Amino acid sequence: MTTTYEGFTEAERGAMKERAKELKNGAKESEVLAKIAEMTGTDRVLGERVHTLIRAAAPGLTPKLWYGMPAYARDGKVVCFFQPAAKFKSRYAMLGFSDEAHLDDGDMWATYFAITELTDRVAARVSALVGKAA
């Protein structure tokens, strides 16, 4: 019996290469905005709005790239990030939070939130979550 191991997907390898480049070059908001501008369709619209919401709700977080995704950090550690749907060919974009966000709520809580549309209700929830995380 032959077992094959495919390893990382092309998208995963690409994300790791982007991360290595980010570590070498440091973080700049202009690079985050350029990465959002590269997005297409709904990803771009959501990325722009999420960036604006995060900057307003948590001005103390520093925008940076993290595995090629817009991310927002405190003291160099990522608190939250926006993962466009196209990044890993998923059906929706996601707003993710790291353990640095301290969104703990009992014994189990969500750390990723799927976003298909940024309604006023969703925008208010994003702002509240980011504000709490920051």
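Presented here is a report on the structure given in the accompanying data block. Note that the structure is a prediction, hence the values are computed from the model and not measured.

### Describing the sheet that holds strand β2 (residues 69-74)
Line of reasoning, step 1. Across the sheet, five strands lie side by side as β1-β2-β3-β4-β5; this open sheet has antiparallel pairing. At either margin of the open sheet sits one strand with a lone partner, and together these are β1 (62-66) and β5 (112-115). Taking the axes of each pair of neighbouring strands and ignoring which way they run, one obtains an average angle of 25 degrees across the sheet.
Line of reasoning, step 2. Judged from the five bridges that link them, β1 and β2 form a sheet pairing that is antiparallel. Opposite Lys64, over in β2, you have Ala71 as the bridge partner.
Line of reasoning, step 3. With respect to the sheet, helix α3 (residues 41-57) is in contact with β1, β2, β3 (77-83), β4 (93-97) and β5, its orientation differing from that of β3 by roughly 150 degrees.

### Brief notes about the pattern of salt bridges
Line of reasoning, step 1. Under the definition given, this model contains three salt bridges.
Line of reasoning, step 2. Across the salt bridge formed by Glu29 and Arg55, the nearest N and O atoms sit 3.3 Å from each other. Placement of the pair is Glu29 in helix α2 (residues 29-38) and Arg55 in helix α3, with a sequence separation of 26 residues.
Line of reasoning, step 3. With relative accessibility at 25%, the residue Arg55 sits in the partly exposed group.

### A closer look at the packing of aromatic side chains
Line of reasoning, step 1. A complete count under the given rule lists four aromatic pairs for this structure.
Line of reasoning, step 2. Here Trp66 and Tyr67 contribute two aromatic rings whose centre-to-centre distance is 5.1 Å and whose plane-to-plane angle is 80 degrees, an arrangement assigned as edge-to-face.
Line of reasoning, step 3. Given the relative accessible area of 30%, Tyr67 is considered partly exposed.
Line of reasoning, step 4. With centroids separated by 5.7 Å and ring planes inclined at 75 degrees, the aromatic side chains of Phe81 and Tyr112 adopt a geometry described as edge-to-face.

### So, the nonpolar core
Line of reasoning, step 1. Counting residues in each nonpolar core, the largest one holds 27 residues, and the members touching the most others are Phe97, Leu118 and Val130.
Line of reasoning, step 2. Elements that contribute at least two residues to this core include exactly α2, α3, β3, β4, β5 and α4 (120-133).
Line of reasoning, step 3. With five residues, α4 is the largest single contributor of residues to this core.
Line of reasoning, step 4. Once residues lying within four places of it in the same chain are set aside, the contact partners of Val130 are Ile54, Ala57, Ala58, Leu61, Cys80 and Phe97.

### A few points about the packing of α3 against α4
Line of reasoning, step 1. At their nearest, the axes of α3 and α4 sit 9 Å apart, and the two run at 45 degrees to each other. It follows from the interaxial angle that α3 and α4 lie oblique. Read as a crossing pair, α3 and α4 show a hand that is right-handed. Here Arg49, Leu53, Ile54 and Ala57 of α3 lie close against α4, whose contacting residues are Ala123, Val126, Ser127, Val130 and Gly131.

The rules behind each value
- Residues numbered from 1 in each chain as written.
- Predicted model: local features only at pLDDT ≥ 70, side-chain atom pairs only at ≥ 80, totals over all residues.
- Heavy atoms only, no water.
- Pairing = 2+ DSSP bridges.
- Helix = DSSP H or I, 4+ residues; strand = E, 2+ residues; numbered from the N terminus.
- Axes fitted to C-alpha atoms, helices over the stretch in contact; angles between N-to-C directions.
- Contact = heavy atoms within 4.5 Å.
- Salt bridge = Lys/Arg side-chain N within 4 Å of Asp/Glu carboxyl O.
- Buried < 20%, exposed > 50% of the residue type's maximum accessible area, 1.4 Å probe, protein only.
- Phe/Tyr/Trp six-rings, centres within 6.5 Å; stacked < 30°, edge-to-face > 60°.
- Core = buried A, V, L, I, M, F, W, Y, C linked by side-chain atoms within 4.5 Å.
- Parallel < 35°, antiparallel > 145°, perpendicular 65-115°, else oblique.
- Left-handed = near helix turned anticlockwise from the far one by under 90°.

Purely geometric numbers; function is a separate question.
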